[in-house]
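A closer look at the structure
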Amino acid sequence: MEITVLFFGILADATGLNAKSYNGIDSFDDLRHRMEDDFPGIFHYNFRIAVNRVITEDNPVLKDGDEVACLPPFAGG
Amino acid sequence: MRLIEGPLMPGLIAEVIAGSGGSHDTGAHALFLGQVRRDRIDGRFVKAIEYSAYEEMVIMEANKISKTILSEFEDVRAFEILHSRGMVKAGETALLVIVSAGHRQQALAACGKAVDLINERLPVWKKELFEDEPDL
C-alpha cells in the first residue's frame, strides 16, 4: 500500500522534508523501518502519530492511501 | 477557527470584536490575545516566531474544542479562535480567543479553558528566530 508521511515542527527540520510517500508498505512496523532507514534516529525524537488526522496508538493498522503525520509536542498560542 | 498568515493586526482584531456584538442576550465578551515575547534564550533574544500548522487537523481539533466549550459552559453563546501561521515578530499578536456569554463568570472561565485546550491540543508548532540571525 501507499502511505504519505507528513513531518511537522522539529521533524520537518530534522528530515528536511514536509512530506514523503512510501510505496509497498505492508504494516506500520514496515513503515517504521523504512523511515528509520531514511532518517536514522528519527524515532528518538519525542512525537506522536496521527493517522488521517486522528492521534493513534503506537502500532496503528494502516490501509492504502492513509496519511501518517509525525507530531512533535504542540506549541500553539 | 481561522488561520491567518502573519500577525493578527489591530484592524482584524477590531473587526472580530465588532462582529461579536450582535446578540442581545449576550452580556459579556472575554478576550484573550497571545503576543510573541522577546524571550532571552541562552543569551540570545527572540525577534520573531515562525508558526507552522497541520491545517486540516487544526480545523478538526478547533471544532472539538468549540464543542467542549459550548457543552461545558451553557451560558456561552459564541466562540471564535484566530491563530497566526508564518512569521510573527516580538510584540505582535499570534492568537485571539473571544468568548461571548450571557454573564461574565462563564465568559471568563470559558476563555481561560479554551486557551488551555488550544495550547494542549492544536497541532501548531513554533520556531524561534533570534536577533543575531539574518532575516529570512
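So, here is what we can say about the structure in this document. The structure presented is a predicted model; accordingly, all values stated were derived computationally and were not measured.

Mapping A:Val61 onto the fold places it in the loop between strand E4 (54-55) and strand E5 (67-71). Expressed as a C-alpha distance, the spacing of A:Val61 and A:Ala14, which sit 47 residues apart in the sequence, is 26 Å.

Right, let's get into the environment of B:Ala109. Residue and element names in this part refer to chain B. With respect to the element layout, Ala-109 can be found in helix H3 (residues 104-121). With 18 C-beta atoms counted inside 10 Å, the residue Ala-109 sits in the partly exposed group. On a C-alpha basis, the gap between Ala-109 and Ile-13 in space is 21 Å, while along the polypeptide they are 96 residues apart.

Glancing now at the interface of chain B and chain A. Taken residue by residue, the interface counts 18 residues in chain B and eleven residues in chain A. When residues of the side of chain B that touches chain A are traced back to their parent elements, those giving at least two are helix H2 (55-72), H3 and strand E7 (124-130) of chain B. Ranked by residue count, the leading element in the side of chain B that touches chain A is H3(B), at five residues. Partitioning the side of chain B that touches chain A into residue classes produces ten nonpolar, four polar and four charged.

Here the focus is H2(B). Its 18 residues place the ends of H2(B) 26 Å apart at the C-alpha level, agreeing with the 26 Å of an ideal helix rising 1.5 Å per residue. Residues B:Met57, B:Val58, B:Glu61, B:Ala62, B:Ile65 and B:Ile69 constitute the buried set of H2(B). In an axial view of H2(B), the angular spread of the buried residues amounts to 135 degrees, which keeps them on one side of the axis. In H2(B), the exposed positions that point more than 90 degrees away from the buried face belong to B:Asn63, B:Lys64, B:Lys67 and B:Ser71. Where H2(B) is buried, its residues meet strand E3 (48-51) of chain A together with strand E1 (2-5), strand E4 (44-53), strand E5 (76-89), H3 and E7 of chain B.

A few words on the nonpolar core. Residues A:Phe8, B:Val97, B:Val99, B:Ala110 and B:Ala114 are the most contacted members of the largest nonpolar core, which totals 50 residues. Broken down by element, the residue count for this core peaks at seven residues, all from strand E6 (residues 93-101) of chain B. Ignoring sequence-local partners within four residues, the contact set of B:Ala110 consists of B:Ile69, B:Phe73, B:Val76, B:Val99 and B:Ala101.

A word on helix H2 (residues 28-38) of chain A. Residues and elements named next belong to chain A. Among all positions in H2, only Phe-28, Leu-31 and Met-35 are buried. Looking straight down H2, one finds that the buried residues subtend no more than 55 degrees of arc, so they occupy a single side. Turned more than 90 degrees from where H2 packs its buried face, Asp-29, His-33 and Asp-37 sit exposed. Those residues of H2 hidden inside the fold are in contact with strand E1 (3-7), strand E2 (19-22) and E5.

Attention now goes to unusual backbone geometry. Despite not being glycine, A:Asn52 shows a phi value in the positive range, around 50 degrees. By the element assignment, A:Asn52 lies in the loop between E3 and E4. A:Asn52 sits in the partly exposed class, given 15 other C-beta atoms within 10 Å. Of note, the phi angle at B:Asp42 is positive, near 50 degrees, even though the residue is not glycine. Relative to the helices and strands, B:Asp42 resides in the loop between strand E3 (40-41) and E4.

Rules of the game
Residues numbered from 1 in each chain as written. Chains lettered and ligands numbered in written order. Predicted model: local features only at pLDDT ≥ 70, side-chain atom pairs only at ≥ 80, totals over all residues. Helix = DSSP H or I, 4+ residues; strand = E, 2+ residues; numbered from the N terminus. Buried ≥ 20, exposed ≤ 12 C-beta atoms within 10 Å, placed from the backbone. Contact = placed C-beta atoms within 7 Å. Nonpolar A, V, L, I, M, F, W, Y, C, P; charged D, E, K, R; others polar. Expected span 1.5 Å × (residues − 1). Arc of directions from axis to C-beta. Core = buried A, V, L, I, M, F, W, Y, C linked by C-beta atoms within 7 Å.

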